[in-house]
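Residue strings, one per chain:
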Amino acid sequence: MTARDISLTVNGEIRRANVMPRMTLVDLLRDVLGLTGTHIGCEHGVCGACSILLDGVPVRSCLIFAVQADGHEVTTVEGLADGDGEIGDLQDAFWECHAMQCGYCTPGMLIAGHALLAENPAPDTGEIREAISGNLCRCTGYTQIVEAIALCAARRREGEG
Amino acid sequence: MSGHGANYRYVSRKRRTKEDRRFIAGKGRFAADIAVPGMKHVALVASPHPRANILSIDATRALESPGVHAVLTGDELAAETAPLFNGLDIPEVKWFPLAVGMSRYAGEWVAAVVADSRYLAEDAAELVEVDYEPLPAAVEIESLLEPDSPLVHPGHGSNVLVRKTFEWGPVEADFAKSERTLTYRARWGRSSTVPIETFGVVSRWDPIREILDVWASIQMPNYQEQIANSLGIPTNSIRVHNDVDVGGSYGVKRGIKHTVITAYLARKLGMPVRLIEDRLDNMSGGDAHGPDRLFDVTLAFDGDGTIRSMKLRAIDDVGAYPGRGPLQLGKPITALVGPYRLSSVAYEAISVTSNKTGQVPVRGFGQSPTNFMIETGIDLVARRLGIDRIELRRRNLIRSDEFPWRIPTGTEYDSGDYHAVLAKALALADYDALVARRDAARAAGRLAGIGIAACLEPGGGNNIFEQLLNEKLEITTFVESCLMRVDMHGHVTAVMSTTTSGQGHETLIATIAGEELERDPDTIRVTHADSLEALPTRSPVASRMAIVLGGATSEAARKIRAKMVRIAAHNLGVGEDRVEYQAGTFFVRGEPARKLEWNEIASIAHRQFHRLPPGAEPCLQEFSVLQVPGASGQLPNEKKEIQLYPCFSFQAHIPYVEIDPGTGKVEVLDYAIGHDCGTVINPDIVRGMIVGGLAHGVGAALYEKFAYDGDGQFLSGSFVDYLLPSSHEIPIVRDVEHCTPSPRTSLGQKGSGEGGYLGAPAAVASAVNDALAPLGISLSELPMRLCDIEAAIHEKRTERNG
Ligand code: FES
Ligand code: FES
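Everything numeric here is computed off the predicted structure, so don't read it as measured data.

### What to know about the pattern of salt bridges
At step 1: Here the structure, examined in full by the defined rule, presents 70 salt bridges over all chains.
At step 2: In this structure, the salt-bridge partner of Arg16(B) is Glu96(A), at a minimum N-O distance of 2.9 Å. Residue Arg16(B) is found in the segment before α1 (20–24), and its partner Glu96(A) is found in helix α2 (residues 89–96); the two belong to separate chains.
At step 3: The shortest N-O distance in the salt bridge between Asp292(B) and Lys356(B) comes to 3.8 Å. Of this pair, Asp292(B) sits in the loop between α8 (279–285) and β13 (293–301) while Lys356(B) sits in the loop between β15 (344–352) and α9 (367–385), placing them 64 residues apart in sequence.
At step 4: Among the residues examined, Asp292(B) registers a relative accessible area of 3% and is labelled buried.
At step 5: Salt bridges sharing common partners tie together Arg187(B), Arg190(B), Asp292(B), Asp317(B) and Lys356(B).

As structure tokens, then:
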């Protein structure tokens, strides 16, 4: 196995790395690029803790090799903030609703919620539950997460109206 | 507002939590995020056999593999360390982090490989050659009691680890007096809390300073003491970093064996060593399974539904290595008769060992299975007598004017209004409409059911029941502490001494300190002292932090406030009794112009010794080390009676389910819950705890099982085989609060971390049985998985048709 040079855009910045072909994308993000906001819960594609956006689409970074992300655009939880040190509106809604306890699933949930709202600005409860159904949370029982996503959607609509 | 009349500024108010800020930004600091320079990585070699002698381990090829530094075996580790803690008095049952001579369950770790990366460590782990001699395994729970069962620990001579019988109150007389009896079985399957974050630990040994630094995803009492005992180093050479965020625990994050492996290796190799479980390590070899329990119960009652007494036998399969697991048979003694007015109870507690993964404390410490057993019995009595399930509960629940209520085991319940909470839950569920919905569904040919369950959540963690199972455990001190400082600028910092795993302790402390000091909680900083700096703690177990840590916070804050009043009085030239304090200002009663501001007092305390009252200690720093309130501090008396936990929260659960008769699939379509945990500190946190615990309980009721086949082979090592409920399985939960403050705590608070999980399994089981009742089916084994329900329906139909 020989290492390969790759280059990808992570949260708007071009990042280069030299990686073994078998290294997963989540390991690249966490261990090589130091972006530890993306978490690992199962490494077999079930829990969603490792969710990121790849070219805007939510994917499980434990199921993708780092080399597959070569030339692509990645957004992690660290990239969801609007500006420097700020938090985005969905993050703020999560805080407002206490949509977490231990915070371990939270980055993945934010990614799932973010992707949903990008496609559907006015999701109903069923659609929100569907959108986060691939992300396991052991702490909250999901109710406050669903409320947070709904709150963010409502606030965005108010902001526009 | 909660708190019954108490007009709080911050307590019970909706306020954002302190902790969430870092998590939404992706800036939590979890064990796997800790990167210590030069850190090496462990991969584990696990036994594939349920029970086998280990004949030899050959690490030659593994050691030649690239980047490998060491291969550690059980023999080496056992020679260099002492066995891990056993809760029971069973000296011949020895637990080491890696198997020694014999592997006792499929998945048990037999060797640890250290390499430059986890990838390289795993490559090498595959090259470790272990020669096993497979043996028949001890698996099925009742067979473990048989004399011819294979012995898990041959030196112990039996698979029974402890067997104790207790009788509290006039059991035989109550049985003789009662008109009816009913005998039933209830089975609680092996599941656990299974946090999304696995256990992880990094250990670093500094030979110059002689300090072992440990960063771990830990939640357990006496962690550093256990590390010290095992490694044979002083406790004050161990620095556990309590500021590591723990990604969920609910009792199970107790990776003592992982810690000993890394700490030993770090010292031996002179390199920091990290072990992060992967999901398979966690589920099969992490020794983090929960209770696995069989109950045989007889209830004695009258025709009007009055239940007088219970005879109960519980067998708990703790797996191969007991640790603290078996003590989970003791905690239920705290609320052994639930919220009901039984006047006597007989309890036989049997802990058995098997060739399965080891058991650890799980949310509620054995109370959830016990509550399921009790509520199953109440439903069965109702069915037997033809009395409505709710009415039967009403007749037996302790009444609000009867508190404090002493149960037969000697524990006094502090306060409550169970009938009011039940009534609120029924109103929230719109019970009559729910019944109509169920009946309409039934009329349309569907299987539909409503569940009813009550549950008591003991809080506070006065664990003297341990002594009832192991006389040598003479421990009666169960403290939490808080250290508080006001610095020279007047800023408040409070120090806690444990990790936190989602319970919101920083918010708890800031809110209570803010309330007591009339300072904005957002301005109060809360830090986690490491174990060398820490004040005494029993760790966040047993629904105890709001009660004991909250109490210690109140105490420390009240001391600070009293001292500031004293300094103000001295400087205002009046007696202390004439000084009033309000929201940052100290003034002379009736003369508000004669005043000193908070910051001025802080400055005087820190900088102006000449302005301090004579004899006053300079600066502003106070602490409180608080024994669990309401405890006698004594050991049980000769009748084995003892006041255990001080506070008792109460919940009433009402789920509605429908079942697909073809597949057996249960859908929980609605869930209403009424709860009373005394004064609520932060409503969002309490609600999250209740709903989250409830979801966890739905998992235990319907989906989650660590399954083994008849030979002891482990079948549930991934999230594909062990099913955690997703947002599809958990409905939007509606809750209603009631508040009966506890007379035993600083602000009337009680515990709230476990109740959801204590009530939901019983409630969901009750709903499933209600749905299946028209078919004449009654199930009493959890989990009630789709395949189990489908099989029961199929069997019934075949019976009828045949
Ligand atoms: S870690 Fe990727 S889905 Fe669980
Ligand atoms: S907040 Fe802990 S797993 Fe979701």
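And the narrative resumes.
### Some details on unusual backbone geometry
Across the chain, the bulk of peptide bonds are trans and the bulk of non-glycine residues have phi less than zero.
Residue and element names in this part refer to chain B.
At step 1: The residue after Phe-403, namely Pro-404, is reached through a cis peptide bond having omega -5°.
At step 2: That bond from Leu-782 to Pro-783 is cis: its omega, -5°, falls within 30 degrees of zero.
At step 3: By the element assignment, Pro-783 lies in the loop between β30 (781–782) and α19 (786–801).
At step 4: In this structure, Tyr-250 takes a positive phi of about 55° despite not being glycine.
At step 5: Assignment of secondary structure puts Tyr-250 in the loop between β11 (238–240) and α7 (256–269).
At step 6: If you check the backbone angles, Ala-542 has positive phi at about 60° while not being a glycine.

### So, the environment of Ala760(B)
At step 1: Looking at where Ala760(B) falls in the secondary structure, it is placed in helix α18 (residues 755–772).
At step 2: A relative accessible area of 0% means that Ala760(B) is categorised as buried.

### Description of helix α14 (residues 505–517) of chain B
Residue and element names in this part refer to chain B.
At step 1: For α14, spanning 13 residues, the distance from its first C-alpha to its last is 18 Å, which sits close to the expected 18 Å at 1.5 Å a residue.
At step 2: Among the 13 residues that make up α14, 13 are buried, leaving the element largely enclosed by the rest of the structure.
At step 3: Within two residues after α14, Glu-518 carries a phi angle of roughly 55°, on the positive side.

### A short note on the interface of chain B and chain A
At step 1: Facing the 55 residues of chain B at the interface are 48 residues of chain A.
At step 2: Between chain B and chain A, roughly 4,500 Å² of surface is buried when both sides are summed, and carbon and sulfur atoms account for 55% of that area.
At step 3: By the criterion of area lost to chain A, the three top residues of chain B are Arg16(B), Ile24(B) and Tyr119(B), representing 18% of everything that side buries.
At step 4: Inspection of the region where chain B meets chain A yields six salt bridges.
At step 5: The shortest N-O distance in the salt bridge between Asp92(A) and Arg16(B) comes to 2.9 Å.
At step 6: Sort the elements by how many residues they give to the side of chain B that touches chain A and helix α17 (residues 683–702) of chain B lands first, with ten residues.
At step 7: In the side of chain B that touches chain A, the residues fall into 25 nonpolar, 17 polar and 13 charged.

### Focus: the nonpolar core
Inside soluble globular proteins, nonpolar side chains tend to come together where they are buried.
At step 1: Among the nonpolar cores identified, the biggest contains 178 residues, and Phe94(A), Tyr347(B), Tyr413(B), Leu702(B) and Leu772(B) are the most heavily contacted of them.
At step 2: Ranked by residue count, the leading element in this core is α18(B), at ten residues.

### Structural notes on empty space enclosed by the protein
Residue and element names in this part refer to chain B.
At step 1: Under the defined criterion, the tally for this structure stands at ten cavities of 30 Å³ or more.
At step 2: Here the largest cavity defines a volume of roughly 660 Å³.
At step 3: Contributing to the lining of the largest cavity are 47 residues, with Gln-503, Ser-543, Arg-544, Met-689 and Gly-753 lying nearest its centre.
At step 4: Of all the elements in the fold, those that place two or more residues in the lining of the largest cavity are α14, α15 (545–572) and α17.

### Some thoughts on the confidence of the model for chain B
At step 1: Across chain B, the average pLDDT comes to 97, with 99% of residues at or above 70.
At step 2: Interface scoring of the predicted complex returns ipTM 0.98; its pTM is 0.97.

### With respect to the packing of aromatic side chains
Residue and element names in this part refer to chain B.
At step 1: Enumeration over the complete set of coordinates arrives at 18 aromatic pairs over all chains.
At step 2: Seen in terms of ring centroids, Tyr-105 and Tyr-321 are 6.3 Å apart; in terms of plane orientation they differ by 70°. Their pairing is edge-to-face. With a gap of 216 residues between them, Tyr-105 in the loop between β4 (102–103) and β5 (109–115) and Tyr-321 in the loop between β14 (307–317) and β15 connect regions that are remote in the sequence.
At step 3: Given a relative accessible area of 3%, Tyr-321 falls into the buried group.
At step 4: Ring centres of Phe-166 and Trp-168 lie 5.1 Å apart, and the angle between their planes is 5°; on these two criteria the pair is classed as stacked.
At step 5: The class of Trp-168 is buried, set by a relative accessible area of 1%.
At step 6: Directly above the aromatic system of Trp-109 lies the positively charged group of Lys-257, at a separation of 4.2 Å from the ring centroid.
At step 7: Across the ring face of Phe-175, the terminal group of Lys-311 is positioned such that the distance to the ring centre comes to 4.3 Å.

### Brief notes about the environment of Gly38(B)
Residues and elements named next belong to chain B.
At step 1: Residue placement: Gly-38 occurs in the loop between α1 and β1 (40–46).
At step 2: Of the residues examined, Gly-38 reaches a relative accessible area of 49% and is grouped as partly exposed.
At step 3: Once the C-alpha coordinates of Gly-38 and Pro-272 are considered, the two residues, 234 residues apart in sequence, prove to be 6.4 Å apart.
At step 4: Apart from the residues within four sequence positions on either side, Gly-38 is in contact with Met-271 and Pro-272.

### Considering the packing of α2(A) against helix α5 (residues 143–160) of chain A
When two helices pack together, their arrangement is captured by the angle between the axes and the distance separating the axes.
Residues and elements named next belong to chain A.
At step 1: Where α2 meets α5, the axes come as close as 8 Å, and the angle between the chain directions of the two elements is 130°. Overall, the two elements α2 and α5 adopt an arrangement that is oblique. The way α2 lies across α5 gives a crossing that is right-handed. In this structure, α2 uses Asp-89, Leu-90, Asp-92, Ala-93, Phe-94 and Glu-96 to contact α5, whose residues at the interface are Ile-145, Ala-148, Ile-149, Leu-151, Cys-152, Arg-155 and Arg-156.
At step 2: Split by residue class, the contact of α2 with α5 holds eight nonpolar, no polar and five charged.

### Some remarks on the environment of Ala773(B)
At step 1: Following the sequence through the fold, Ala773(B) ends up in the loop between α18 and β30.
At step 2: Taking the C-alpha atoms as reference points, Ala773(B) and Arg589(B), 184 residues apart in sequence, are found 69 Å from one another.

### Some points on the sheet that holds strand β2 (residues 13–19) of chain A
Residues and elements named next belong to chain A.
At step 1: One open sheet holds the five strands; their spatial order is β2-β1-β5-β3-β4, and the pairing between them is mixed. This sheet does not close on itself; its edge strands, each paired only once, are β2 and β4 (57–60). For this sheet, the mean inter-axis angle between neighbouring strands, taken without regard to orientation, is 40°.
At step 2: Relative to β4, strand β3 (residues 51–54) runs antiparallel, the two being bridged by four bridges. Considered in β4, the bridge of Ile-52 is made with Val-59.
At step 3: Its contacts with the sheet put helix α1 (residues 25–32) on β1 (4–10), β2, β3 and β5 (73–75), and the angle it makes with β1 is roughly 80°.
At step 4: Those strands touched by helix α3 (residues 106–119) are β3, β4 and β5, and its axis lies near 40° from that of β3.

### With respect to the domain arrangement of chain A
Residue and element names in this part refer to chain A.
At step 1: Along its sequence, chain A is carved into domain 1 (4–79) and domain 2 (89–160).
At step 2: Relative to domain 2, the C-alpha centre of domain 1 lies at a distance of 22 Å.
At step 3: Residue-level contacts link 15 residues of domain 1 with twelve residues of domain 2.
At step 4: Together domain 1 and domain 2 conceal approximately 1,000 Å² of surface at their shared face, both sides included; 63% is due to carbon and sulfur atoms.
At step 5: Inspection of the region where domain 1 meets domain 2 yields zero salt bridges.
At step 6: Here domain 1 is connected to domain 2 by six residue pairs in polar contact (both at pLDDT 80 or more).
At step 7: Mapped by element, the contributors of at least two residues to the side of domain 1 that touches domain 2 are β3 and β4.
At step 8: Counting residues per element, the side of domain 1 that touches domain 2 draws most heavily on β3, at three residues.
At step 9: Residues that form the side of domain 1 that touches domain 2 fall into these classes: eight nonpolar, six polar and one charged.

### A few points about the layout of surface pockets
Empty pockets left among the atoms are what a rolling probe the size of a water molecule brings to light.
At step 1: Of the voids in this model, the largest pocket is the one considered here, and its volume is about 1,000 Å³.
At step 2: Lining the largest pocket are 44 residues, and of these Asp27(A), Asp31(A), Arg118(B), Tyr119(B) and Arg274(B) lie nearest its centre.
At step 3: Mapped by element, the contributors of at least two residues to the lining of the largest pocket are β2 and α1 of chain A together with β1, α4 (118–125) and β12 (273–276) of chain B.
At step 4: Broken down by element, the residue count for the lining of the largest pocket peaks at five residues, all from α4(B).
At step 5: The residue makeup of the lining of the largest pocket, split by class, is 20 nonpolar, nine polar and 15 charged.

Cut-offs and rules
Residues numbered from 1 in each chain as written. Chains lettered and ligands numbered in written order. Predicted model: local features only at pLDDT ≥ 70, side-chain atom pairs only at ≥ 80, totals over all residues. Heavy atoms only, no water. Salt bridge = Lys/Arg side-chain N within 4 Å of Asp/Glu carboxyl O. Helix = DSSP H or I, 4+ residues; strand = E, 2+ residues; numbered from the N terminus. Buried < 20%, exposed > 50% of the residue type's maximum accessible area, 1.4 Å probe, protein only. Expected span 1.5 Å × (residues − 1). Contact = heavy atoms within 4.5 Å. Buried area = accessible area lost by both parts, 1.4 Å probe. Nonpolar A, V, L, I, M, F, W, Y, C, P; charged D, E, K, R; others polar. Core = buried A, V, L, I, M, F, W, Y, C linked by side-chain atoms within 4.5 Å. 1 Å grid on protein atoms, 1.4 Å probe; cavity = no way out; pocket = protein on both sides within 12 Å on 5 of 7 lines; lining within 4 Å. Points joined across faces, edges and corners; volume = space filled by probe spheres on them. pLDDT = per-residue confidence, 0-100. Phe/Tyr/Trp six-rings, centres within 6.5 Å; stacked < 30°, edge-to-face > 60°. Lys NZ or Arg CZ within 6 Å of the ring centre and 35° of its normal. Axes fitted to C-alpha atoms, helices over the stretch in contact; angles between N-to-C directions. Parallel < 35°, antiparallel > 145°, perpendicular 65-115°, else oblique. Left-handed = near helix turned anticlockwise from the far one by under 90°. Pairing = 2+ DSSP bridges. Domains from an automatic or database assignment. Polar contact = N/O pair within 3.5 Å; in protein donor to acceptor, adjacent residues only side chain to side chain.

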